[in-house]
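Geometric and topological summary
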Amino acid sequence: FVPAWNEETALPAVLDELARELPEVDVLVVDDGSTDGTARVARARGAEVVSLGENRGLRAAVAEGWRIAAERGYAYAGRVDADGQHPVAELRRLLERVRAGEGDVAVGSRFVAGEGYAPYRYVPSPARRLGTALLRRALGVRLGRGFGDPTSGMVAAAAAALPVLARPYTSGAPEVEALIRLHEEGLRVCE
């Protein structure tokens, strides 16, 4: 699924890439009250659209996507953001890791090295770098392990994790809240 708010410009490329890289999957766009043509563009590209009616924020759109996947009984579900920052080929790799049993959830990282990717290839602004560093440290204490990219929106999950991810989020950082929930539920998360 793709949470989207006013992404009519970037969304076509994301949906085209999903169709190319994962042609066998159902695609859902959770339209978070967009005032542009996001829903129209998504439908024109063959995606199912659920519109929240008004802008309720990322946390509501993310929970809705996971909720629908859980409600429909999917064995696996994945998420990419509508702005095109996530290579869909990498979502395929995350889904493969979950299917192989490497974790109940696999999170794509912009910072961790692996299979052709250098560490820290994404360079955020200085303020964002500071915030991410503080967040990584605090989350490391909470989880009892390091986590390189706790705010990543590229995620694959198995059915066992879907109800946990679908519960409404209360913080402004649903990705971080999800990692804490998954840890507390004893689910395995790989990055």
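Right, let's walk through the structure included here.

This next bit is on helix H3 (residues 58–71). Over its 14 residues, H3 extends 20 Å from the first C-alpha to the last, a length consistent with the 20 Å expected when each residue adds 1.5 Å. Looking at the buried positions of H3, the neighbouring elements they touch are strand E1 (2–4), strand E2 (28–31), strand E3 (48–51), strand E4 (76–79), strand E6 (155–158) and helix H6 (162–166). Looking one or two residues past H3, glycine 73 carries a phi angle of roughly 75 degrees, positive in sign.

Judged by nonpolar contacts, the single largest core of 33 residues is most densely connected at Trp66, Val105, Leu165 and Leu182. For this core, the elements supplying multiple residues, two or more each, are E2, H3, strand E5 (105–107), helix H5 (126–143), E6, H6 and helix H7 (174–184). The element contributing the most residues to this core is H3, with seven residues. Those residues within four positions of leucine 165 in sequence are excluded, and the remaining contacts are Ala63, Trp66, Val105, Ala157, Ala178, Arg181 and Leu182. In terms of nonpolar packing, the next biggest core, distinct from the first, is built from 25 residues, Val2, Ala4, Leu95 and Val98 among them.

The subject of this paragraph is the pattern of salt bridges. For the coordinates displayed, the defined rule picks out 13 salt bridges. Of the charged contacts in the structure, one is a salt bridge between arginine 72 and glutamate 48, with a shortest N-O distance of 2.7 Å. Of the two residues, arginine 72 sits in the loop between H3 and E4 while glutamate 48 sits in strand E3, which places them 24 residues apart along the sequence. We classify arginine 72 as partly exposed; its relative accessible area is 41%. With a relative accessible area of 33%, glutamate 48 lands in the partly exposed category. In this structure, glutamate 90 and arginine 93 form a salt bridge, with 2.8 Å as the shortest nitrogen-oxygen distance.

Procedures and definitions
- Residues numbered from 1 in each chain as written.
- Predicted model: local features only at pLDDT ≥ 70, side-chain atom pairs only at ≥ 80, totals over all residues.
- Heavy atoms only, no water.
- Helix = DSSP H or I, 4+ residues; strand = E, 2+ residues; numbered from the N terminus.
- Expected span 1.5 Å × (residues − 1).
- Contact = heavy atoms within 4.5 Å.
- Core = buried A, V, L, I, M, F, W, Y, C linked by side-chain atoms within 4.5 Å.
- Buried < 20%, exposed > 50% of the residue type's maximum accessible area, 1.4 Å probe, protein only.
- Salt bridge = Lys/Arg side-chain N within 4 Å of Asp/Glu carboxyl O.

These values are about where atoms sit, not about what they do.
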